[in-house]
Amino acid sequence: MFLNIPNQPISGFSDVSLSIKREDLIHPFVSGNKYRKLKYNLLQAKAENQQQLLTFGGAFSNHIAAVAAAGKLNQFQTIGIIRGDELATAIAENPTLRFAQECGMRFEFISREQYSHKTETAFLNELEQKWGSFYLIPEGGTNALAVNGCEEILTQTDADFDFICCAVGTGGTISGLINSAQTHQKVLGFPALKGDFLKEEICSFATNQNWDLILDYHFGGYAKVSPELIAFINEFYLKTDISLDPIYTGKMVFGVMDLIQKGYFPKGSRILMIHTGGLQGIEGMNIKLKKKKSPLLITQND
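Residues numbered from 1 in each chain as written. Predicted model: local features only at pLDDT ≥ 70, side-chain atom pairs only at ≥ 80, totals over all residues. Heavy atoms only, no water.

Quick notes on the sheet that holds strand β8 (residues 186-191)
In step 1: If you trace the 6 strands from one edge of the open sheet to the other, you get β1-β2-β10-β7-β8-β9, paired in mixed fashion. At either end of the open sheet lies a strand with only one pairing partner, and these are β1 (7-10) and β9 (211-213). Averaged over all pairs of adjacent strands, the angle between their axes in this sheet comes to 25 degrees, without regard to strand direction.
In step 2: Packing against the sheet, helix α10 (residues 249-261) makes contact with β2 (17-21), β7 (163-168), β8 and β10 (270-274), and its axis sits at approximately 165 degrees to β10. (Pairing = 2+ DSSP bridges. Helix = DSSP H or I, 4+ residues; strand = E, 2+ residues; numbered from the N terminus. Axes fitted to C-alpha atoms, helices over the stretch in contact; angles between N-to-C directions. Contact = heavy atoms within 4.5 Å.)

Here's what the structure looks like:
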């Protein structure tokens, strides 16, 4: 199925042209790169006659929410293995887990030490003995089929852009973009996590060398934010009517616009930012910010 996703221009720059691909508009609950990553995995699960999807994630995981919603839409039972056994009594206060449960997802809450074994065969065998046969979707959704789905983000209508920019979590989305980008295009990834460890993971899926990681805009690490980032996301929303999640896309857009101001991009460059969705995480972030008595993210309901 071809998705006619619009590229929305962002005004205010004289030396470059900036647009954002509105992948967040794909679906209210299975949007952005989560739709792309799940598309071929769900088809494979059906081909294998599996009835259950099992996956992993944290307290406010976009991936957990998307798998739960996609499972409900496609008649799969879903199982979420959740990092943090203390969350078992906090579902009602957690918008992500509450939504997933409302979609029919069943949970197993495990310690962080147990969670570190999530890719080990012995641990997966234990889960199968408990839950029965399942189709495994890895944490964050990244595998070869997910990369195939992400290769469909760019279309011929995007061929005129010089730079493709996206947030990076597990490396699946940027790998798909790298594989489908035109030879003249440079793909820039903005990791939401500290460190340079993602390069090896990306190289295992990416077939081209037309990419780089920009490591300066993680704001302290995964799920870490600052008043400056929150203020930027709110200002961007008020100017463009586009909501950005604070974990991934918000940091990437901040980084791109900061680099424009610093003259990183050659004059006349055409830049396309990929909005990878994740807007369900805004409510959870606002819960954290409210506890700290910090400014909140503006939402469409405000």
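Looking at the nonpolar core
In step 1: Residues Val 256 and Phe 265 are the most contacted members of the largest nonpolar core, which totals 35 residues.
In step 2: Sorting the residues of this core by element identifies β2, β7, β8, α9 (227-240), α10, β10 and α11 (281-291) as the ones contributing at least two each.
In step 3: Beyond its immediate sequence surroundings of up to four residues, Phe 265 is in contact with Val 16, Phe 163, Cys 165, Leu 188, Val 256, Leu 259, Ile 260 and Ile 271.
In step 4: Counting residues in hydrophobic clusters, the runner-up holds 30 residues, among them Ala 66, Ala 69, Leu 87 and Ala 100. (Core = buried A, V, L, I, M, F, W, Y, C linked by side-chain atoms within 4.5 Å. Buried < 20%, exposed > 50% of the residue type's maximum accessible area, 1.4 Å probe, protein only.)

A closer look at the pairing of strand β4 (residues 77-83)
In step 1: Taking burial as the measure, the 7 residues of β4 include 5 buried ones, the bulk of the element.
In step 2: Two elements, strand β3 (residues 52-57) and β4, share 6 bridges in a ladder whose sense is parallel. In the strand pairing of β4, Gln 52 is matched with Gln 77.
In step 3: Following the chain from β3 across helix α2 (residues 62-73) to the adjacent parallel β4, one finds a crossover that is right-handed.
In step 4: Sheet topology places β4 next to strand β5 (residues 106-110); 5 bridges connect them, and they run parallel. Its bridge partner being in β5, Ile 79 is matched across the sheet by Arg 106.
In step 5: One crossover worth recording links β4 to the parallel β5 by way of helix α3 (residues 95-102), and it is right-handed. (Right-handed = clockwise from strand over helix to strand, strands pointing away.)

Observations regarding empty space enclosed by the protein
In step 1: Across all of its chains, the model carries 1 cavity of 30 Å³ or more by this definition.
In step 2: Its volume calculated, the largest cavity comes out at about 40 Å³.
In step 3: Surrounding the largest cavity, Ile 233, Asn 234, Tyr 237, Ile 242, Ser 243, Leu 244, Ile 282, Leu 297 and Ile 298 form its lining.
In step 4: Each residue belonging to the lining of the largest cavity can be placed in one class, and the counts come to 7 nonpolar, 2 polar and no charged. (1 Å grid on protein atoms, 1.4 Å probe; cavity = no way out; pocket = protein on both sides within 12 Å on 5 of 7 lines; lining within 4 Å. Points joined across faces, edges and corners; volume = space filled by probe spheres on them. Nonpolar A, V, L, I, M, F, W, Y, C, P; charged D, E, K, R; others polar.)

Considering α3
In step 1: The complete set of buried residues in α3 reads Pro 95, Thr 96, Leu 97, Phe 99 and Ala 100.
In step 2: Residue Gly 104 follows α3 closely and has a positive phi angle near 105 degrees.

Comments concerning the pairing of β10
In step 1: A large share of β10 lies buried, amounting to 4 of its 5 residues.
In step 2: The sheet contact formed by β2 and β10 spans 5 bridges and is parallel. In the strand pairing of β10, Ser 17 is matched with Arg 270.
In step 3: With 3 bridges joining them, β7 and β10 adopt parallel strand pairing. Residue Cys 165 lies in a different strand from β10, and its bridge partner there is Met 273.

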